[in-house]
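Here's the letter readout for the chains.
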Amino acid sequence: QVQLVESGGGLVQAGDSLRLSCAASGRTFTHFTMGWFRQAPGKEREFVSGISWIDGTTSYLTSVKGRFTISRDNAKNTVYLQMNSVKPDDTAVYYCAAQRGGEAARLSLGGVDYWGEGTLVTVSS
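Residues numbered from 1 in each chain as written. Predicted model: local features only at pLDDT ≥ 70, side-chain atom pairs only at ≥ 80, totals over all residues. Heavy atoms only, no water.

S.K.: Looking at this structure, I do not really get the nonpolar core. What am I missing?
M.R.: As a rule of thumb, soluble globular proteins bury nonpolar side chains together. The biggest cluster of nonpolar side chains holds 29 residues, and the ones touching the most others in it are Leu4, Met34, Trp36, Phe68, Leu81, Met83 and Tyr94. Broken down by secondary-structure element, the contributors of at least two residues to this core are strand 3 (18-25), strand 4 (32-39), strand 5 (46-51), strand 7 (68-73), strand 8 (78-83), strand 9 (92-100) and strand 11 (119-124). For Phe68, the contacting residues outside a window of four places in its chain are Arg38, Val48, Tyr60, Leu81, Gln82, Met83, Asn84, Val86, Asp90 and Tyr94. By size, the runner-up hydrophobic cluster in this structure holds five residues, among which are Phe37, Ala97, Leu107 and Val112. (Core = buried A, V, L, I, M, F, W, Y, C linked by side-chain atoms within 4.5 Å. Buried < 20%, exposed > 50% of the residue type's maximum accessible area, 1.4 Å probe, protein only. Helix = DSSP H or I, 4+ residues; strand = E, 2+ residues; numbered from the N terminus. Contact = heavy atoms within 4.5 Å.)

Here it is as structure tokens:
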């Protein structure tokens, strides 16, 4: 059974840092692009960041560039999202995602093969 399990969410203040982790199990995630989406209350789920398996190329939502950093440990089947200088607008449920392919760094909402259940990040002002 394939599982993506997120951890690291919580309540933080604006300007703080937070690191999300996603542990994948149930299969090998080589040749998968891994990444993160988020969904704020009343809004659609949006792509936040992705990382390719092939060469570690990364992709980011414009509003998080320079503040968030994605990384992955293929040996541990784990992907991370380091979130620095968080803002109230970053408040959302963050979902880990895996999409077959591995070459691209960007995931598409309709192309994700596996989803985690999400972890809530709340940023107070």
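S.K.: Please clarify how the layout of surface pockets should be interpreted in this entry.
M.R.: The rolling of a water-molecule-sized probe over the atoms marks out the regions of remaining empty space. Counted as a void, the largest pocket has a volume near 240 Å³. In terms of lining residues, the largest pocket is bounded by 15 residues, among which Arg38, Ala40, Lys43, Glu46 and Asp89 are the most central. (1 Å grid on protein atoms, 1.4 Å probe; cavity = no way out; pocket = protein on both sides within 12 Å on 5 of 7 lines; lining within 4 Å. Points joined across faces, edges and corners; volume = space filled by probe spheres on them.)

S.K.: When you look at the packing of aromatic side chains in this model, what are you seeing that I'm missing?
M.R.: The geometry of an aromatic ring pair is captured by two quantities: the separation of the ring centres and the angle between the planes. Taken as a whole, this structure holds six aromatic pairs when the rule is applied. Look at Phe29 and Phe32: their rings are 5.2 Å apart centre to centre, the planes differ by 65°, and that puts the pair in the edge-to-face class. Neither Phe29 nor Phe32 differs from the other in exposure class; each is buried. Where Phe29 meets Tyr114, the ring centres are 5.9 Å apart and the plane angle is 75°; that geometry is what we call edge-to-face. Here Phe29, found in the loop between strand 3 and strand 4, pairs with Tyr114, found in strand 10 (residues 114-115); they are 85 residues apart in sequence, far enough to count as distant. Grouped by ring-pair contacts, the aromatic residues Phe37, Phe47, Tyr95 and Trp115 constitute a single cluster. Against the face of Tyr95 rests Arg45, its NZ or CZ located 3.7 Å from the ring centre. For Arg45, the ring lying beneath its charged end belongs to Trp115, and the centroid distance is 4.6 Å. (Phe/Tyr/Trp six-rings, centres within 6.5 Å; stacked < 30°, edge-to-face > 60°. Lys NZ or Arg CZ within 6 Å of the ring centre and 35° of its normal.)

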